[in-house]
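Take a look at the letters that make up each chain.
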Amino acid sequence: MSESYEVALPAPVMPGLRVAVLGAGKMGGILLQAFLKNNLLAPEQISATVQHAERAQALSAQFGVEVTTDNLAAAQQADVILLGVKPTQVPALIEVIKPALNPKKMVLSFAASVKTRSIEDGAGCELAVIRAMPNTPAMLAAGITALCSGRFVSAEQMSVAQKIFQTVGRTVVVDEKHMDAVTGLSGSGPAFLYIIIEALAEAGVNVGLPRDIATLLAAQTTLGSARMVLETGYHPALLKDAVTTPAGCTVDGILELEEGGLRVTLIKAVKRATQRAKELANG
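First, a word on what this report is: a plain description of the structure on this page. No experiment lies behind these values; they were computed from the predicted model shown.

### Description of the pattern of salt bridges
Right, so step 1: Summed over the entire model, instances satisfying the criterion amount to eleven salt bridges.
Right, so step 2: Between Arg211 and Glu202 there is a salt bridge, with the nearest N and O atoms lying 2.9 Å from each other.
Right, so step 3: Owing to a relative accessible area of 46%, Arg211 belongs among the partly exposed residues under this scheme.
Right, so step 4: Relative accessible area serves as the criterion here: at 37%, Glu202 is assigned to the partly exposed category.
Right, so step 5: Taken together, the shared-partner salt bridges connect Arg117, Glu120, Asp121 and Arg151 into one network.

### Structural notes on the nonpolar core
Right, so step 1: Phe35, Leu82, Leu108, Ile164 and Phe165 are the most contacted members of the largest nonpolar core, which has 38 residues in total.
Right, so step 2: Elements supplying a minimum of two residues to this core: strand 1 (19–22), helix 1 (26–37), strand 2 (46–49), helix 2 (53–63), strand 4 (80–83), strand 5 (106–109), strand 6 (128–133) and helix 6 (155–165).
Right, so step 3: Top element by residues in this core is helix 1. It accounts for six residues.
Right, so step 4: Here Phe165 is in contact with Leu31, Leu108, Phe110, Ala132, Pro134, Thr145, Leu147 and Thr171, once residues within four sequence places are set aside.
Right, so step 5: Within the second largest apolar cluster, 21 residues are counted, among which are Ala75, Val85, Val107 and Ala123.

### Overview of a nonpolar patch on the surface
Right, so step 1: On the surface, Leu209, Ile213 and Leu217 cluster together into a nonpolar patch covering about 240 Å² of accessible area.
Right, so step 2: On the secondary structure map, Leu209 appears in the loop between helix 8 (189–206) and helix 9 (211–232).
Right, so step 3: Residue Leu209 is classed as partly exposed on the basis of its relative accessible area, which comes to 35%.

### Describing the pairing of strand 1
Looking along a regular strand, one sees the side chains alternate between the two faces of the sheet.
Right, so step 1: Of the two faces of strand 1, both are covered, the one formed by Val19 and Val21 as well as the one formed by Ala20 and Leu22.
Right, so step 2: When strand 1 meets strand 2, the two strands line up parallel, connected through four bridges. Bridged to Ala20 within strand 2 is Ser47.
Right, so step 3: In this region the chain leaves strand 1, passes through helix 1 and returns to the parallel neighbour strand 2; the handedness of that crossover is right-handed.
Right, so step 4: Bridge count between strand 1 and strand 4: four bridges; the pairing is parallel. If you follow Val19 over to strand 4, its bridge partner there is Val80.

### Examining the pairing of strand 5
Right, so step 1: Both faces of strand 5 are covered, namely the face carrying Met106 and Leu108 and the face carrying Val107 and Ser109.
Right, so step 2: For strand 4 and strand 5, the ladder comprises four bridges, and the chain directions are parallel. If you follow Ile81 over to strand 5, its bridge partner there is Val107.
Right, so step 3: Handedness of the β-α-β unit built from strand 4, helix 4 (residues 90–97) and strand 5 comes out right-handed.
Right, so step 4: Note that strand 5 and strand 6 share four bridges and pair parallel. Opposite Val107, over in strand 6, you have Val129 as the bridge partner.
Right, so step 5: Handedness of the β-α-β unit built from strand 5, helix 5 (residues 116–123) and strand 6 comes out right-handed.

### Quick notes on the sheet that holds strand 8 (residues 169–173)
Right, so step 1: If you trace the eight strands from one edge of the open sheet to the other, you get 3-2-1-4-5-6-7-8, paired in mixed fashion. Since the sheet does not close on itself, it has two edges, and those belong to strand 3 (66–68) and strand 8, each with one partner. The mean inter-strand angle of the sheet, taken between neighbouring strand axes irrespective of direction, is 20 degrees.

### A closer look at the side chain of Thr116
Right, so step 1: One can find Thr116 in helix 5.
Right, so step 2: Here Thr116 is in contact with Val129, Arg131, Cys148, Ser149, Gly150 and Glu176, once residues within four sequence places are set aside.

### Observations regarding helix 7 (residues 179–187)
Right, so step 1: Burial in helix 7 covers these residues: Met179, Asp180, Val182, Thr183, Gly184 and Ser186.
Right, so step 2: Residues of helix 7 that are buried sit in contact with strand 6, strand 7 (143–149), helix 8 and helix 12 (262–281).

### Section: the side chain of Ser186
Right, so step 1: Locating Ser186 in the fold gives a position in helix 7.
Right, so step 2: Residue class for Ser186 comes out buried when judged on its relative accessible area of 17%.
Right, so step 3: Every residue in contact with Ser186, bar those within four places of it in the chain, is listed here: Asn135 and Ile144.

### Comments concerning unusual backbone geometry
Right, so step 1: The residue Asn39 is not glycine, and still its phi comes out positive at about 55 degrees.
Right, so step 2: One non-glycine residue, Ala247, adopts positive backbone phi at about 60 degrees.
Right, so step 3: Relative to the helices and strands, Ala247 resides in the loop between helix 10 (236–243) and helix 11 (249–260).
Right, so step 4: Residue classification places Ala247 among the exposed positions, given a relative accessible area of 83%.

Calculation rules
Residues numbered from 1 in each chain as written. Predicted model: local features only at pLDDT ≥ 70, side-chain atom pairs only at ≥ 80, totals over all residues. Heavy atoms only, no water. Salt bridge = Lys/Arg side-chain N within 4 Å of Asp/Glu carboxyl O. Buried < 20%, exposed > 50% of the residue type's maximum accessible area, 1.4 Å probe, protein only. Core = buried A, V, L, I, M, F, W, Y, C linked by side-chain atoms within 4.5 Å. Helix = DSSP H or I, 4+ residues; strand = E, 2+ residues; numbered from the N terminus. Contact = heavy atoms within 4.5 Å. Patch = residues over 30% accessible without salt bridge, like charges linked within 9 Å, V, L, I, M, F, W, Y side chains within 5 Å. Areas by Shrake-Rupley, 256 points an atom, 1.4 Å probe, with all protein chains shown as cover. Pairing = 2+ DSSP bridges. Right-handed = clockwise from strand over helix to strand, strands pointing away. Axes fitted to C-alpha atoms, helices over the stretch in contact; angles between N-to-C directions.

Written out as structure tokens, the structure is:
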């Protein structure tokens, strides 16, 4: 007679915590998947909302979590409420879920340029609000998320926010006054780096390499160089000097970069993106 055995699933990293993702769009969906993949939360600890019932049904089937169109109900059941809607939609959403908000709950917003103070004021209570700025490499758990706290956030609550976003990469805690600069650097930065990778690949094609090989060489070189900075802790200038041998090929290439103003252009790109973030934050 054969016996059946049930495989015990490991306990979630954060048992008992109920999390709602209001606006499970691109980043919200990435986070939902990461919570489950990393066993941060069990499916029954998670709920999410979207605008349309058909989409809710599809997401619920995909992730095995409760997905509805009812923001207030999801917020009432949650300890941590993630806001994944567009920045312009945040005030109306806060008004809808206001009856569910109280000082025991935490709101974690990744709506770009929306200040913690505006969410606190909309809630009308001493609500713990943390603002997050993730970036698109979060899709591969290779992102970086900057976090800043509002007036009523405890160290324990910030630790919870870090654990949530560490499922999709690294985290860093900054003062809110730096969040626009974060948006300009790590938020917009992937687009700037894709242009650099594209240009390096085009250069490879120009000097005779097949396009697929040129793209692979450019992308992997970028990835490896980034890891060198992160894992050695050396200043990028020091690592650059290690590649640049006297009278060699690299120094000639660097002179062309300096003559073309690449360094200044990248600095100006980050400054302009930061300025635009400030404009959006100030309405």
